[in-house]
Amino acid sequence: ELNKILADFYRIQKKYNSAINLYTELISKNSVDTWYMFYLRGICYEQSDKWDKAEKDFIESLKLKRNSPDVLNYLAYGWIERDMKIDESFVMLTDAYNANPDSYYILDSLAWAYFKKKDYEKAAELMEEVIDMVPGEVISLDHLGDIYFAMNRKREAAYFWKQAKDLATPEDNLIEKIEKKLKKYNAS
């Protein structure tokens, strides 16, 4: 139990290598919630830019507990961000949303899946719901800007990108990306 607490502490503090080592130890000891340890270690790998390892851990977690909405969401969103397995991700996100419709993380991911499938109307509808739930969520504001831009609603896109930029912190790793979008918008 102490190793789990310590691993969680390291993960929250963004000391991912230390957390990974402890989660690995817990997995090897077949802890009660092994599926959850795979999920948490997968998050650490993903945050450390080790997607291949993260993906394997998320898949292993789902083998142990197929219906975990958070794991379905994390894996599917990871694929979508990499333009992989869009249709499979869409099904997973629909399942995750049906299991946990109050999660704005899952709703954001589902909206993003619609965006990737070029169903911009549905993507906008769902992302607007996310913004209603959590008005200051930077990634969702950025996503809504992208969706509006794809719909040729460029002024609204710029408005949401500016909001996202104003609220973003350096840890979000979004400021430079948003500035490029705004520069592109202002050039057109």
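Our structure is the block above this text.
First, a word on what this report is: a plain description of the structure on this page. (Residues numbered from 1 in each chain as written. Predicted model: local features only at pLDDT ≥ 70, side-chain atom pairs only at ≥ 80, totals over all residues. Heavy atoms only, no water.)

### Focus: the nonpolar core
Membership of the largest hydrophobic core comes to 63 residues, with the highest contact counts inside it found for Tyr 23, Phe 58 and Ile 147. When near neighbours in sequence (up to four residues on either side) are disregarded, Phe 58 contacts Tyr 39, Gly 42, Ile 43, Trp 51, Val 71, Tyr 74 and Leu 75. (Core = buried A, V, L, I, M, F, W, Y, C linked by side-chain atoms within 4.5 Å. Buried < 20%, exposed > 50% of the residue type's maximum accessible area, 1.4 Å probe, protein only. Contact = heavy atoms within 4.5 Å.)

### A closer look at the packing of helix α1 (residues 2-12) against helix α2 (residues 16-28)
Orientation of α1 relative to α2, taken along the N-to-C sense of each, is 155 degrees, at an axis distance of 8 Å. When the axes of α1 and α2 are compared, the pair comes out roughly antiparallel. Here the hand of the crossing between α1 and α2 comes out left-handed. Side by side, α1 and α2 meet where Asn 3, Lys 4, Leu 6, Ala 7, Asp 8, Tyr 10 and Arg 11 of the first sit next to Tyr 16, Ser 18, Ala 19, Leu 22, Tyr 23, Glu 25 and Leu 26 of the second. The class makeup of the residues in the contact of α1 with α2 is eight nonpolar, two polar and four charged. (Axes fitted to C-alpha atoms, helices over the stretch in contact; angles between N-to-C directions. Helix = DSSP H or I, 4+ residues; strand = E, 2+ residues; numbered from the N terminus. Parallel < 35°, antiparallel > 145°, perpendicular 65-115°, else oblique. Left-handed = near helix turned anticlockwise from the far one by under 90°. Nonpolar A, V, L, I, M, F, W, Y, C, P; charged D, E, K, R; others polar.)

### Section: the pattern of salt bridges
Counting across every chain of the model gives 14 salt bridges. Notably, a salt bridge pairs Arg 153 with Glu 156, separated by 2.7 Å at the nearest N-O pair. Its relative accessible area of 28% is what places Arg 153 among the partly exposed residues. What makes Glu 156 partly exposed here is its relative accessible area of 33%. Through salt bridges with shared partners, a single ionic network connects Asp 142, Asp 146, Lys 177 and Lys 181. (Salt bridge = Lys/Arg side-chain N within 4 Å of Asp/Glu carboxyl O.)

### Quick look at helix α10 (residues 154-167)
In this model, α10 (14 residues) spans 20 Å end to end at C-alpha, consistent with the 20 Å of a helix rising 1.5 Å per residue. Taken together, the buried positions of α10 are occupied by Ala 157, Ala 158, Phe 160, Trp 161 and Ala 164. Along the long axis of α10, the arc covered by the buried residues comes to 170 degrees, so they all point the same way. Among the exposed residues of α10, those oriented more than 90 degrees off its buried face are Arg 155 and Asp 166. (Expected span 1.5 Å × (residues − 1). Arc of directions from axis to C-beta.)

### Considerations on the environment of Ala 54
Looking at the element boundaries, Ala 54 is found in helix α4 (residues 51-64). Residue classification places Ala 54 among the buried residues on the basis of a relative accessible area of 0%. In this structure the C-alpha to C-alpha distance between Ala 54 and Leu 40, which are 14 residues apart in sequence, comes to 9.3 Å. Apart from residues lying up to four places away in sequence, Ala 54 is in contact with Gly 42, Tyr 45 and Glu 46.

### A look at α1
By the burial criterion, the buried members of α1 are Lys 4, Ala 7, Asp 8 and Arg 11. Down the axis of α1, the buried set is contained in an arc of 100 degrees. They therefore lie on one face. In α1, those exposed residues whose orientation departs by more than 90 degrees from the buried face are Leu 2 and Ile 5. Immediately downstream of α1, the backbone of Lys 14 shows phi near 65 degrees, a positive value.

Distances and angles like these do not, on their own, reveal function.
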